[in-house]
Amino acid sequence: KHALEIAAIGKHHCVLVGSERSGRARLAEHVAATLPRMTLQEGLAATLRYSELGKLPLRTGLMAHRPWEKVAPYTSPEEWKEKLFLAHLGVFIVDNIQDLSLAQAQLLQQVLQEKSLSRKGKKVPCDILLIGLSHLGSVPVELNTWIDLYIDVPIISIEDHIRFDEQLETSIEIRERIEAAREYQVKRFESFDNIRWNADISSEQIDQWVAINQPTKMLMNISLKNLGISPKIIPQARRVAQSIADRVGDPLIQPYYIAEAIQYFTLME
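Residues numbered from 1 in each chain as written. Predicted model: local features only at pLDDT ≥ 70, side-chain atom pairs only at ≥ 80, totals over all residues. Heavy atoms only, no water.

Chemist: Even after reading the chapter, I still don't get the layout of surface pockets, so can you show me in this structure?
Modeler: If you roll a probe as big as a water molecule over the atoms, it shows you where there is empty space left. In this model, the second largest pocket occupies a volume close to 580 Å³. If you go around the second largest pocket, you meet 32 residues; those closest to its centre are Thr 145, Trp 146, Asp 148, Ala 199 and Arg 239. Class assignment for the residues of the lining of the second largest pocket results in 14 nonpolar, ten polar and eight charged. (1 Å grid on protein atoms, 1.4 Å probe; cavity = no way out; pocket = protein on both sides within 12 Å on 5 of 7 lines; lining within 4 Å. Points joined across faces, edges and corners; volume = space filled by probe spheres on them. Nonpolar A, V, L, I, M, F, W, Y, C, P; charged D, E, K, R; others polar.)

Chemist: Would you take a moment to explain helix α9 (residues 214-227) for this structure?
Modeler: Helical geometry: 3.6 residues make up each α-helical turn, so side chains three or four residues apart lie on a common side. Between its terminal C-alpha atoms α9 stretches 20 Å, which fits the 20 Å expected from 14 residues at 1.5 Å a residue. Along α9, the residues classified as buried are Thr 216, Met 220, Ser 223 and Leu 224. On an axial view of α9, the arc spanned by its buried residues comes to 95°, and they lie on one face. Opposite the buried face of α9, at more than 90 degrees from it, the exposed residues are Pro 215, Lys 225 and Asn 226. Note on α9: the residue one or two positions beyond its end, Gly 228, has a positive phi of about 70°. (Helix = DSSP H or I, 4+ residues; strand = E, 2+ residues; numbered from the N terminus. Expected span 1.5 Å × (residues − 1). Buried < 20%, exposed > 50% of the residue type's maximum accessible area, 1.4 Å probe, protein only. Arc of directions from axis to C-beta.)

Chemist: Would you explain the pairing of strand β5 (residues 122-125) in this entry?
Modeler: Put simply, side chains in a regular strand alternate between the two faces of the sheet. Sheet analysis places strand β4 (residues 116-119) next to β5, joined by four bridges and oriented antiparallel. Residue pairing in the sheet places Arg 119 in a bridge with Lys 122 of β5. Between β4 and β5, which follow one another and run antiparallel, lie two residues, and Lys 120 among them has a positive phi close to 55°. (Pairing = 2+ DSSP bridges.)

Chemist: I keep staring at the sheet that holds strand β3 (residues 91-94) and nothing clicks. Help me out?
Modeler: Two orientations exist for strands paired in a sheet by backbone hydrogen bonds: parallel and antiparallel. Taken in spatial order, the five strands line up as β2-β3-β6-β1-β7 in an open sheet, and their pairing is parallel. Because the sheet does not close on itself, it has two edges, and the strands there are β2 (68-71) and β7 (147-152). Across the sheet, the mean angle from the axis of one strand to that of its neighbour is 20°, orientation sign disregarded. Taken together, the four bridges between β2 and β3 define a ladder with parallel strand orientation. Counterpart to Lys 70 in the pairing with β3 is Ile 93. Helix-sheet contacts for helix α4 (residues 77-86) involve β2 and β3, and the interaxial angle to β2 is about 160°. (Axes fitted to C-alpha atoms, helices over the stretch in contact; angles between N-to-C directions. Contact = heavy atoms within 4.5 Å.)

Chemist: What is the right way to look at empty space enclosed by the protein in this model?
Modeler: With the rule as written, the count across this model stands at one cavity of 30 Å³ or more. Reported here for the largest cavity is a volume of approximately 70 Å³. Taken together, Lys 1, Leu 4, Glu 5, Leu 27, His 30, Val 31, Thr 34 and Ile 174 form the lining of the largest cavity. If you list the elements that add at least two residues to the lining of the largest cavity, you get α1 (2-10) and α2 (24-34). Examining the composition of the lining of the largest cavity, we find that four residues originate from one element, α2, more than from any other. Split into classes, the residues belonging to the lining of the largest cavity amount to four nonpolar, two polar and two charged.

The following block contains the structure:
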């Protein structure tokens with residue numbers, strides 16, 4: 001849940017790695033409830049899309065909660081595009097993401113890159129938070145650079161469930177923290193049209209927006225060497241570290257933020 005909160009703060013696409021009995025699907029479906037509340041314009045846009053396809057729940061006026069949609073590799077191409085269309089401004093969950101076909105992976109790559117979807121001969125906005133579900137830490141090569149967190153979801157015992165339930169935070173509490181962290185990003189990027197959230201920072205812009213001191217650089221390099229992780233993930237890890245800092249309102253990237261960010265790549269295969 002902590003890692004998914006980090007993903008929601010910086011709008012980092014992620015993969016939940018674990019067995020089907022670990023509850024990874026329920027965790028992914030829960031994320032939409034913790035995302036920032038929709039503005040009036042966003043609520044209208046989501047409502048119109050669901051209404052257009054006849055998917056608007058009965059007795060629903062204006063949609064107040066962000067949508068989530070779920071697909072799998074065996075989902076038909078028509079349903080894939082329909083669910084992508086509906087997931088705009090919300091969460092798009094892909095089960096068994098490691099088994100996607102080339103066409104499915106390329107479609108997702110296009111949507112993540114352009115934040116739009118071809119529909120009825122024209123481009124429509126399609127801005128999603130992608131959450132993949134996998135029993136492996138792998139994704140199609142087309143999506144490698146877009147996944148910023150690989151999150152381990154172990155099977156939890158009954159005793160641990162009881163213990164964790166006693167410390168359970170509500171979705172509202174988590175959402176308030178995410179909204180506060182996103183406010184830092186709104187102010188940080190207010191003069192830039194192509195950057196809105198930490199995940200939007202490109203590899204070329206990383207030094208401008210996510211500055212780290214020499215001790216933190218040394219820790220990062222040592223960690224990468226000891227864990228055998230490719231140096232290509234450095235920009236991604238730094239983006240995640242910025243979101244970890246934003247969660248607690250820290251203006252500096254501390255070494256332990258980088259250490260936490262790097263651990264989310266140890267499940268990659």
